[in-house]
Amino acid sequence: MKKGNIASGIIIIITSLFFYFNTSGFKKLDNQVIGAGFMPKLYAILLVVLSIILIIQNYKKKENKEENKENYYKYSLITMALLLIYIIVIPVLGFYSSTTLLVLILLLFSKTQNKIILITIPIATSLFIFLFFDMLLNVAMPTGLIF
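Only a predicted model underlies this, so the values are computations on that prediction, with no experimental measurement involved.

Once that is clear, we can look at the environment of threonine 15. Checked against the element boundaries, threonine 15 lands in helix α1 (residues 3-22). Note: C-alpha distance between threonine 15 and alanine 44 (29 residues apart in sequence) is 8.4 Å.

The structure is reproduced here in structure tokens:
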């Protein structure tokens, strides 16, 4: 059992509950069905659920004493570098093409071999973001110089 997973789960639950209750003070306009506090509340609920799952899995999972900590650090640093590059590339390529490219690279980095997954997940991710944020919530995503 890893104490870090339990501590992280508890800290995330407390933080999520704090943000959930703070968003109840957001004002909703008369003509709005969904107010400004909807998404933060949804994220807070999702974080609480995922944190509970993390804590439960931590108790069910047997601890592997031979974990290679160097690999975790290496993968974490590479992922952070990819996210930094992603942030830099968004103004050039645009949000949707950059996001599709990032998800594809992360799937390749995680050694995903299934070609159907390599094609559908990046496209579905960008399509979901487009439909949810651009079409439903009318949030404009950054366009790039190229796309």
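Quick look at the packing of aromatic side chains now. The tally for this structure, following the rule as stated, stands at seven aromatic pairs. Seen from their ring centres, tyrosine 20 and phenylalanine 21 are 5.4 Å apart, and the 85° between their planes marks the pair as edge-to-face. A residue is classified by how much of its surface remains accessible, and phenylalanine 21, at 55% relative accessible area, is exposed. For the pair tyrosine 96 and phenylalanine 130, a centre-to-centre distance of 5.8 Å together with 80° between the ring planes defines the contact as edge-to-face. Taken together, the residues tyrosine 96 in helix α4 (residues 95-109) and phenylalanine 130 in helix α5 (residues 115-136) connect sequence positions 34 residues apart.

Turning our attention to α5. Given a rise of 1.5 Å per residue, 22 residues ought to cover 32 Å, and the 30 Å separating the end C-alpha atoms of α5 matches this to within 8%. Listed as buried for α5 are Leu118, Pro122, Ser126, Ile129, Phe132 and Phe133. The inward-facing, buried residues of α5 contact α2 (38-60) and α4. Its side-chain oxygen placed 3.0 Å from the backbone nitrogen of isoleucine 116, asparagine 114 serves as the N-cap of α5. Following α5 by one or two positions, asparagine 138 has its phi on the positive side, about 55°.

Once that is clear, we can look at the nonpolar core. The nonpolar side chains of soluble globular proteins are, as a tendency, buried together. Counting residues in each nonpolar core, the largest one holds ten residues, listed as Met39, Leu82, Tyr86, Ile90, Phe95, Leu102, Ile129, Phe132, Phe133 and Met141. Elements supplying a minimum of two residues to this core: α3 (69-93), α4 and α5. Aside from chain neighbours lying at most four places away, what touches leucine 82 is Leu102, Ile105 and Leu106.

Thresholds applied
- The numbers attached to residues start from 1 for each chain and follow its sequence in the written order.
- Local features in this predicted model are restricted to residues whose pLDDT is 70 or higher, and side-chain atom pairs enter the listing and the counts only when it is 80 or higher, whereas totals over whole chains, interfaces and linings include all residues.
- Hydrogens and water are ignored here; the side-chain numbers use all heavy atoms of the structure.
- Secondary structure elements follow DSSP: runs of H or I of four or more residues count as helices, runs of E of two or more count as strands, with numbering from the N terminus.
- Geometry of aromatic contacts follows a simple scheme: Phe, Tyr and Trp rings, the Trp one being its six-membered ring, pair when their centres are within 6.5 Å, and the pair is stacked under 30 degrees between planes, edge-to-face over 60, tilted otherwise.
- Whether a residue is buried, partly exposed or exposed follows from its accessible area with a 1.4 Å probe, protein chains only, as a fraction of its type maximum: under 20%, in between, or over 50%, in that order.
- Helices are assigned an expected span. That span is 1.5 Å times one less than the residue count.
- Any pair of residues with heavy atoms lying within 4.5 Å of one another is described as a contacting pair.
- For the purposes of these results, a polar contact is taken to be a pair of N or O atoms within 3.5 Å, where, inside protein, one atom must be able to donate a hydrogen and its partner to accept one; residues adjacent in sequence count only when each atom of the pair is a side-chain atom.
- Here the nonpolar core consists of buried residues drawn from Ala, Val, Leu, Ile, Met, Phe, Trp, Tyr and Cys, with membership extended through side-chain atoms lying within 4.5 Å.

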